[in-house]
Number of protein chains: 2
Amino acid sequence: MRNIKLVLEYDGTNYHGWQTQPNLPTLQDTLEESLAKLTKTPIRIIGAGRTDTGVHAEGQVANFHTESEIPVVAFQKGLNAMLPRDIVVCSATEVPPEFHARFSATRRRYRYTILNREYPSALLRQTSYCFSKEIDISRANDLCQMLIGTHDFTSFQKVGSDRINPVCEIYEAHWWQKDTYVYFEIEADAFLRGMVRAITGTVLKYIKHQEAETQLRRILDAKDRAAAGMSAPAHGLSLIEVKYNA
Amino acid sequence: MRNIKLVLEYDGTNYHGWQTQPNLPTLQDTLEESLAKLTKTPIRIIGAGRTDTGVHAEGQVANFHTESEIPVVAFQKGLNAMLPRDIVVCSATEVPPEFHARFSATRRRYRYTILNREYPSALLRQTSYCFSKEIDISRANDLCQMLIGTHDFTSFQKVGSDRINPVCEIYEAHWWQKDTYVYFEIEADAFLRGMVRAITGTVLKYIKHQEAETQLRRILDAKDRAAAGMSAPAHGLSLIEVKYNA
C-alpha cells in the first residue's frame, strides 16, 4: 500500500470547511471524489488541519493510502486537471507508510490578513478582513507575548468542540504591517477549533484598552469562551504551513 | 451641476468589461444603477479606461455630473453599501466642471500578473495568469525598450476596434519578479483595445527567441494584428492608475 502526501492550496469561500459533512460541499469530500475518479477506488484522505467554513489554505497537508500504481507526479497533474479551480495540489510525494498528515504534524502555522482601512478590497475581499480602527503593531506584539508557551486555551475554543485536551504550545505569535495590510501569524503544536480567529478578535478588541495585558490574562485564566472577544471572520484566515519532523 | 470623481477598485471576473452593453452585466451599468438609486435620477458615468471582459482595476477613475446635494463622502459610503462586493469606491471627490475622467487623463498604467510555475494558484486564480516557462526578466526589459516612445501600435490592437488613431506614447514598460510571481507594468498616454495583453503575450512568445528584437521590430512595423503573438488572458490584467495634470 503506497502512502501519498499532498500539499494543498485552496480558497475556502465555497466550502463548509475541510471535514466531510452530509449534503454540504467540503474540501475533504471534493478531494476524495477526484481521487476516487483518478484511482477508480474509494479513498479516504486525512488532512493535517480541519479548517473551518470559509477558511483558506496555502499549505494544508493531507495523505492517503492507495494500491494505485499511478506515478506520484500524475497525482498532482491528474488532481489539478479534475479539481475545481479553487483547490490546487502544490505537490504530491510518496512518504513512508507510517506518515499521518494529522498525527505526525508537529507544528501548524496560520496567517490572519487584515485590510486596515475604511473600505474593503474588491480584489481581495475573500481573503482579507476589513477593519478600520488603528492597529498599534508593537502593542499587539507585546500583548501576544503572553500567549507564547504552553497554556490552556479553553477561552479561545469554539463552544461545542470535541477536543479533549485544551492545552497547546504556542511557538510564535507575530503581527506586522505592509502598506494598508496588517498580518498576524501564529505557530503552535496544535490549535483548538476557532482558536486563531478568537485570539485575533480578542487582540483587536483589547488592543486600545489601557489594561489590555490584565484583560488578556483574565480571559486566558477564565477557561471560558464567553470571557474572550468575538471571533474575527473566517475569510481572513489561512493555514499557511504544516511542519513535520524530518 | 456638481462633478464627482471616483477612484474604483473592481474584480472584473463577473463583468463583460467596463462599457455598457445590452443584456450583459458591465461595470458601467452596475455603477449607474447604484448611482441612480442613490440620487434618485438616472446618471451617466464616464470611465477613464474601458477595461475589457475579465480585466480588473485597482485605480480606475470615473466621473459623473449630478444635481444631488449628497455630501461627497456619502457617495463613497453609499455606493459601497449598495454595490456588489466586487466593486469598491476607494474615494469620491468633487472636481471642477471641466474634469472628464477619460479626456482629461494624461497617463494610464496597467499591471499584468504572471504566476511563473507549473500549476495555478487557488487563491489568486482570478488575478494571475499561470505561465510555466522560464521568463528572463532582464531580457524582457531589454526587449520592451523598443516600445518606449511614440509608435503606431496597430499590430497590438484588437481587430475590429473603433479607435481611429493607433499612435500611443509609452513612458515606461517594466518587468520584475517577486517570489514565483512576475509582473509587467506599462504606462502610456493611452492604450489601444487589447494592447497590453497583446504586448504581454508577444513578449512571452518571443522572449526565448534568438532574434527576439528583430521579431518585435518586424511585428511593430507590420501594423497588422496577425503579425503579433496571442493575447495573454484577461484575468492577469489590472488598470492600476490613471493620472491627470494637477
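Residues numbered from 1 in each chain as written. Chains lettered and ligands numbered in written order. Predicted model: local features only at pLDDT ≥ 70, side-chain atom pairs only at ≥ 80, totals over all residues. Heavy atoms only, no water.

Caption draft 1: Region of the structure containing helix H5 (residues 212–222) of chain B. All names here are of chain B. Within H5, burial applies to Ala212, Gln215, Leu216, Ile219 and Leu220. One side of H5 carries all its buried residues, which in axial view fall inside an arc of 130 degrees. Of the residues flanking the end of H5, it is Lys223, one or two places downstream, whose phi is positive at about 50 degrees. (Buried < 20%, exposed > 50% of the residue type's maximum accessible area, 1.4 Å probe, protein only. Helix = DSSP H or I, 4+ residues; strand = E, 2+ residues; numbered from the N terminus. Arc of directions from axis to C-beta.)

Caption draft 2: How the structure looks around unusual backbone geometry. Residues and elements named next belong to chain B. Even without being a glycine, Asn23 presents a positive backbone phi close to 65 degrees. Its identity as a non-glycine residue notwithstanding, Lys223 has a phi of 50 degrees, on the positive side. Along the chain, the position of Lys223 falls in the loop between H5 and strand S10 (237–244).

Caption draft 3: Spotlight on the pairing of strand S9 (residues 181–188) of chain A. Residues and elements named next belong to chain A. Of all eight residues that make up S9, eight are buried, and the element is covered over most of its length. Alternating positions in S9 separate into two faces, Tyr181, Tyr183, Glu185 and Glu187 on one and Val182, Phe184, Ile186 and Ala188 on the other, with burial throughout. Where strand S5 (residues 105–115) and S9 come together, eight bridges link them in antiparallel fashion. Note on S9: the bridge partner recorded for Arg109 is Glu187. With eight bridges connecting them, strand S8 (residues 167–178) and S9 associate as antiparallel partners. Pairing of Trp176 across the sheet is with Tyr183, part of S9. Between S8 and the antiparallel strand that follows it, S9, lie two residues; Asp179 among them carries a positive phi value of about 55 degrees. (Pairing = 2+ DSSP bridges.)

Caption draft 4: Molecular detail of empty space enclosed by the protein. Within this structure, the stated rule accounts for one cavity of 30 Å³ or more. Size it by volume and the largest cavity reaches roughly 160 Å³. Lining the largest cavity are Asp11(A), Leu123(A), Leu124(A), Arg125(A), Gln126(A), Thr127(A), Asp11(B), Leu123(B), Leu124(B), Arg125(B), Gln126(B) and Thr127(B). Here the lining of the largest cavity is built from residues that sort into four nonpolar, four polar and four charged. (1 Å grid on protein atoms, 1.4 Å probe; cavity = no way out; pocket = protein on both sides within 12 Å on 5 of 7 lines; lining within 4 Å. Points joined across faces, edges and corners; volume = space filled by probe spheres on them. Nonpolar A, V, L, I, M, F, W, Y, C, P; charged D, E, K, R; others polar.)

Caption draft 5: Spotlight on the domain arrangement of chain A. All names here are of chain A. When its domains are assigned, chain A resolves into domain 1 (2–95) and domain 2 (106–244). Each of domain 1 and domain 2 was reduced to a C-alpha centroid, and the two centroids are 27 Å apart. Contact with domain 1, which involves 17 residues of that partner, is made by 18 residues of domain 2. When domain 1 packs against domain 2, close to 1300 Å² is buried across both sides, 46% of that on carbon and sulfur atoms. Of all residues in domain 1, Asp52, His56 and Glu58 give up the largest surface area on contact with domain 2, accounting jointly for 39% of the area buried on that side. Across the salt bridge formed by Arg193 and Asp52, the nearest N and O atoms sit 2.9 Å from each other. Applying the counting criterion to the domain 1 and domain 2 interface returns 10 residue pairs in polar contact (both at pLDDT 80 or more). Residue contributions to the side of domain 1 that touches domain 2 peak at six residues, all from strand S3 (residues 56–66). Per-class residue counts for the side of domain 1 that touches domain 2 are four nonpolar, eight polar and five charged. (Domains from an automatic or database assignment. Contact = heavy atoms within 4.5 Å. Buried area = accessible area lost by both parts, 1.4 Å probe. Salt bridge = Lys/Arg side-chain N within 4 Å of Asp/Glu carboxyl O. Polar contact = N/O pair within 3.5 Å; in protein donor to acceptor, adjacent residues only side chain to side chain.)

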